[in-house]
Amino acid sequence: MKVQHTTLFDLKAYTQSKPPTARADQPTMVTGKFDLSHDTDTVEISTASRQLASSDIVNHAARYFGTVQINESLERSLQDQSPEVKEAVYGIIQSNFITDVPEEDQRSALLELGLAQAKYIADKYMKGDQAAAFMDTIRQIGAISTTRTINPETKQIQYDTPPQRPVGAPGDYVDLNYMMRKFQPETYNKLQDAIVNGKDWSRILTDFAKKASTNQDWLKEYHEAANQPSGSLPAQNRFEHVDTSGLSSFANTVQNIIAQMDSTNNTFLTDNLQAFIRKLGSQADVT
């Protein structure tokens, strides 16, 4: 899955630029010839492993790092939840929101279904303010997913995120990462290239910081953007009123809606629903 988030590199993550010899925690490459005592390697697979049904396999979702604030809010909402619930939530983000699905209509349908799945988790596993905060965070991530663009040169998927402020940073903190990406994207690309390839990125960052600190138009637009959400959710959600009283009823109502949709190829939605249920560890029949 080739998804590149726009905050891939923290501008203060100086360890990214250090050469391998300067990082003691990194392994070093050793060249040479090793003499082995055998010619063939074998791997033994147990009978139980061979018989493992595909429906029992759960792919672990990647953790979400959209912005510091969004990620911290999400983790706080999930801190008392079971591993299964956490896995289901991060699965929604990876499979329904921040995806590499190329078709616009499919991405829209997955987004709507993901919001419904999140609502099920909020209704079944959370209460009061915790549920409200969780859904607010999920909606922010869902809205960010609608800002999806593809870099015409690298063909990598990118998402716009709002300016972020590290935990404990002062109120007038300015996210240089965001400002550079917004006002001088060419410079931002040069910075990323310098970080990745171990070049002198500090001068690029310093020069831009000096320029940004004196550009009042940039600062004004930055502070206005900091108070605005990124992206927007669909005005209507086909799965908004599904039954969340239980997993079986949730699955059945979702399947009924899928069956009534115009497209004849909606197996991707059924597969997504089944993956959601597997992550929760349910044996409910959704066929």
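Sequence order as written defines residue numbering, which begins from 1 separately in each chain. Local features in a predicted model are, by the rule used here, given only for residues with pLDDT of at least 70; side-chain atom pairs are given and counted only at 80 or more, and totals for whole chains, interfaces and linings are based on all residues. Calculation of side-chain values draws on the structure's entire complement of heavy atoms; hydrogens and water are dropped beforehand.

Undergrad: Before we move on, can you summarise the overall build of the protein chain with the specific residues and values?
TA: Along its length, the protein chain carries 11 helices and two strands. Only protein chains enter the accessibility calculation, which uses a 1.4 Å probe; a residue whose area is less than 20% of its type maximum is buried, one above 50% is exposed, and one in between is partly exposed. Residues classed as buried in the protein chain amount to 40% of the 287 residues present. When the accessible surface of the protein chain is totalled, it reaches about 17,700 Å², and 49% of it is carbon and sulfur. What counts as a helix is a DSSP run of H or I of at least four residues, what counts as a strand is a run of E of at least two, and both are numbered from the N terminus. Under the convention used here, a 1.4 Å probe and the Shrake-Rupley method define accessible areas, while residue burial counts only the protein chains that appear.

Undergrad: Mind laying out helix α11 (residues 267-279), listing which residues take part and the relevant values?
TA: The end-to-end C-alpha distance of α11, which contains 13 residues, comes to 18 Å, matching closely the 18 Å that a straight helix rising 1.5 Å per residue would cover. Among all positions in α11, only Phe268, Leu269, Thr270, Asn272, Leu273, Ala275, Phe276, Ile277 and Lys279 are buried. Each element contacted by the buried residues of α11 is listed here: α3 (83-97), α4 (104-125) and α10 (247-260). What a helix is expected to span follows from its residue count: subtract one and scale by 1.5 Å. Note on contacts: a residue pair qualifies if any of its non-hydrogen atoms lie within 4.5 Å across the two residues.

Undergrad: Any details on helix α5 (residues 128-145)? Residues and values, ideally.
TA: Taking 1.5 Å of rise per residue, the 18 residues of α5 would be expected to cover 26 Å, and the 26 Å separating its terminal C-alpha atoms lies within 8% of that figure. Within the span of α5, buried status applies to Ala131, Phe134, Met135, Thr137, Ile138, Ile141, Gly142, Ala143, Ile144 and Ser145. Against α2 (68-78), α3 and α4 lie the buried residues of α5.

Undergrad: So what about the side chain of Ser77? Which residues, and what values?
TA: With respect to the helices, strands and loops of the structure, Ser77 is situated in helix α2. Judged by its relative accessible area of 5%, Ser77 falls in the buried class.

Undergrad: With reference to specific residues and values, describe the environment of Ile204.
TA: By secondary structure assignment, the location of Ile204 is in helix α8 (residues 202-214). Separated by 13 residues in sequence, Ile204 and Leu191 place their C-alpha atoms 6.4 Å apart. With sequence-adjacent residues up to four places away left out, Ile204 is seen in contact with Thr187, Lys190, Leu191 and Ala194.

Undergrad: Kindly report on the confidence of the model for the protein chain, identifying the contributing residues and their values.
TA: In this model, the protein chain carries a mean pLDDT of 78, and residues with pLDDT of at least 70 account for 73%. For every residue, the predictor assigns a confidence score, pLDDT, that lies between 0 and 100. A low-confidence stretch, residues 1-58 stays under pLDDT 50, and its non-local contacts, those more than four residues away or across chains, total 55 contacts. Per-residue pLDDT stays below 50 along residues 283-287; that stretch engages in seven contacts with residues further than four places along the chain or on separate chains.

Undergrad: For the nonpolar core, give the residues involved together with the corresponding values.
TA: Among the nonpolar cores identified, the biggest contains 45 residues, and Ile121, Phe134 and Phe276 are the most heavily contacted of them. It is α4 that contributes the most residues to this core, 10 residues altogether. Sequence-distant contacts of Phe134, defined by excluding residues within four places in its chain, comprise Leu74, Ser77, Leu78, Val89, Ala118, Ile121, Ala122 and Met126. Side-chain atoms within 4.5 Å are what join buried Ala, Val, Leu, Ile, Met, Phe, Trp, Tyr and Cys residues into a set we call a nonpolar core. Grouped together as the second largest cluster of nonpolar side chains are 16 residues, Met180, Phe183, Leu191 and Ala212 included.

Undergrad: So, the environment of Ala194: which residues are in play, and what are the values?
TA: Counting through the fold element by element, Ala194 comes out in helix α7 (residues 185-196). Residue classification places Ala194 among the buried positions, given a relative accessible area of 3%. In this structure, Ala194 is in contact with Lys199, Asp200, Trp201 and Ile204, ignoring residues within four places of it in sequence.

Undergrad: Help me get a handle on the environment of Thr67, residues and values and all.
TA: Following the sequence through the fold, Thr67 ends up in the loop between α1 (47-50) and α2. Judged by its relative accessible area of 4%, Thr67 falls in the buried class. Expressed as a C-alpha distance, the spacing of Thr67 and Thr161, which sit 94 residues apart in the sequence, is 7.1 Å. When neighbours within four sequence positions are excluded, Thr67 is seen to be in contact with Thr161, Pro162 and Gln164.

Undergrad: Lay out the packing of α4 against α5 with the relevant residues and their values.
TA: Inter-axis angles, ranging from 0 to 180 degrees, are taken between N-to-C directions of lines fitted to C-alpha atoms, where helices are fitted over the stretch in contact. The interhelical angle for the contact between α4 and α5, taken along N-to-C directions, is 165 degrees, at an axis separation of 10 Å. By the angle between their axes, α4 is roughly antiparallel relative to α5. Judged by the sense of rotation from one axis to the other, the crossing of α4 with α5 is right-handed. Contacts between α4 and α5 involve Leu111, Leu115, Ala118, Lys119, Ile121 and Ala122 from the former and Ala131, Phe134, Met135, Ile138, Gly142 and Ser145 from the latter. For classification purposes, an angle smaller than 35 degrees is called roughly parallel, one larger than 145 roughly antiparallel, one from 65 to 115 roughly perpendicular, and anything else oblique. Crossing handedness is read from the near helix: turned anticlockwise from the far helix by less than a right angle, it gives a left-handed crossing, and turned clockwise, a right-handed one.

Undergrad: For the pattern of salt bridges, give the residues involved together with the corresponding values.
TA: Within this document, salt bridges are pairs made up of a side-chain nitrogen of Lys or Arg and a carboxyl oxygen of Asp or Glu, the two lying within 4 Å of each other. The tally for this structure, following the rule as stated, stands at six salt bridges. In this structure, the salt-bridge partner of Glu221 is Lys182, at a minimum N-O distance of 3.4 Å. Remark: Lys182 occurs in helix α6 (residues 176-183) and Glu221 occurs in helix α9 (residues 216-226); sequence separation between them is 39 residues. Accessibility expressed as a relative area gives 38% for Lys182, which makes it partly exposed. The partner of Asp193 in a salt bridge is Lys199, and the shortest N-O contact between them spans 2.9 Å. Judged by its relative accessible area of 34%, Asp193 falls in the partly exposed class.

Undergrad: Tell me about the packing of α10 against α11, and please be specific about residues and values.
TA: Across the interface, α10 lies against α11 with an axial gap of 11 Å and an inter-helix angle of 170 degrees. Considered as vectors, α10 and α11 are oriented roughly antiparallel to each other. Taken together, the residues of α11 that come into contact with α10 (itself represented by Leu247, Phe250, Ala251, Val254, Gln255 and Ile258) are Leu269, Thr270, Leu273, Phe276 and Ile277. Across the contact of α10 with α11, the residue classes break down as nine nonpolar, two polar and no charged. Under this grouping Gly is polar, as are all residues other than the nonpolar Ala, Val, Leu, Ile, Met, Phe, Trp, Tyr, Cys and Pro and the charged Asp, Glu, Lys and Arg.

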